[in-house]
Amino acid sequence: MPLHVPPAPAPALRSVLAALGSPTAVNEAHTPALRALQGPVTAELPLPVHVLDRLGMSTLAAGGRPPRTRLTGWRFLIRSGDRFVAAADTRLTPDGWAFSHFFEGPYVAATERALRQAESLGKAYQPRLLSVPELYMLTLWLHGAVGADASAGLPAGEDLLVPLAPAPPGIAAYRPHPVSELLPVMTHRLTPATAPLPPSLTAPAA
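Residues numbered from 1 in each chain as written. Predicted model: local features only at pLDDT ≥ 70, side-chain atom pairs only at ≥ 80, totals over all residues. Heavy atoms only, no water.

Participant: Residues and numbers for the environment of A145, please.
Facilitator: Turning to its location among the elements, A145 is positioned in the loop between strand 6 (137-143) and strand 7 (160-163). Separated by 19 residues in the primary sequence, A145 and Q126 place their C-alpha atoms 6.8 Å from one another. (Helix = DSSP H or I, 4+ residues; strand = E, 2+ residues; numbered from the N terminus.)

Structure (C-alpha cells):
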C-alpha cells in the first residue's frame, strides 16, 4: 500500500532546489557523490524530522504521558537517475524555512530501504523521521493518521517505529515495532541496569 508522503513547505523545497542549482553550495558540501554528478538531480520524498525529547521522562508504557516531540526540519532525498545519492536538510529560521546542508552516508540508503519496506506492510501510513538523540538513533516513524499535519502530533501507541541502520547495539534495524512496544525498550536503555531485550527486538530483520 502506498505511503502518504506529506507535502513539504514550499519555501523548504525552494531552498533545496536553489542549493542544488548553486555550484558553491554543492562544492562546499561534504558529499563527494553529489559533487561528482554531471546530470540532473531532483529532490524527492520530503520527510518531516521530529526529535524525541527527554526520552527518560516518558511513561507511555505505564499509561502515563506520551513522549514529547518537536519538529526540527524537513529532509529531502536527492535522486540522480535511478538512485538516491545524498540528502538535504532544511531548518526553520526567523525568516522561514531555509536550506541547511547536504549529506550522504548510511542513513540515505537506510531511509530508502525502510520506506520501500513500509510500502509492503498492507496499511497506509504517513512517513516521518524521528530522531532519538539520547540513543544516537534515527527511526522511520509511520504515523497512522495519514491526513494529519506532518509538522505536529505525537507518536501514538499503534504507530510504527522502524530503526534505521546503524541502530544502537541490541536493537535490530529495519524491524517495525509499535511505539507502545519500542518506546519502553528505548527508555529502559537509559537506566543503569538493563534486562535482556526481547528476542523480537534483537533479531535481525528479514
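Let's pick the thread back up.
Participant: So what's going on with the environment of S80? Which residues, and what values?
Facilitator: Among the structural elements, S80 can be located in strand 2 (residues 68-80). Measuring from C-alpha to C-alpha, the distance between S80 and P40 comes to 6.6 Å, with 40 residues separating the pair along the chain. Residue contacts for S80: discarding those within four places in its chain leaves L37, P40, V41 and V85. (Contact = heavy atoms within 4.5 Å.)

Participant: Run through the pairing of strand 3 (residues 83-93), naming residues and quoting values.
Facilitator: Strand 3 sits mainly inside the fold: 8 of its 11 residues count as buried. Pairing geometry for strand 2 and strand 3, over 7 bridges, is antiparallel. Along strand 3, the bridge assignment pairs S80 with R83. Between strand 2 and the antiparallel strand that follows it, strand 3, lie 2 residues; G81 among them carries a positive phi value of about 65°. The sheet contact formed by strand 3 and strand 4 (residues 96-103) spans 7 bridges and is antiparallel. Bridge assignment links T90 to a residue of strand 4, and that residue is F99. Counted along the chain from strand 3 to the antiparallel partner strand 4, the turn is 2 residues long. (Buried < 20%, exposed > 50% of the residue type's maximum accessible area, 1.4 Å probe, protein only. Pairing = 2+ DSSP bridges.)

Participant: Got a sec to walk through the packing of aromatic side chains? Specific residues and values, please.
Facilitator: In this description, an aromatic ring pair is defined by two values, namely the gap between the centres and the angle between the planes. For the coordinates displayed, the defined rule picks out 1 aromatic pair. Aromatic side chains F99 and F102 sit 4.6 Å apart centroid to centroid with 50° between the ring planes, which places their arrangement in the tilted category. Residue classification places F99 among the partly exposed residues on the basis of a relative accessible area of 22%. The buried category is assigned to F102, whose relative accessible area is 6%. The ring of F84 has R79 sitting right over it, with the charged end atom 4.3 Å from the ring centre. Note that R128 overlies the ring of W141, its terminal NZ or CZ placed 4.6 Å from the centroid. (Phe/Tyr/Trp six-rings, centres within 6.5 Å; stacked < 30°, edge-to-face > 60°. Lys NZ or Arg CZ within 6 Å of the ring centre and 35° of its normal.)

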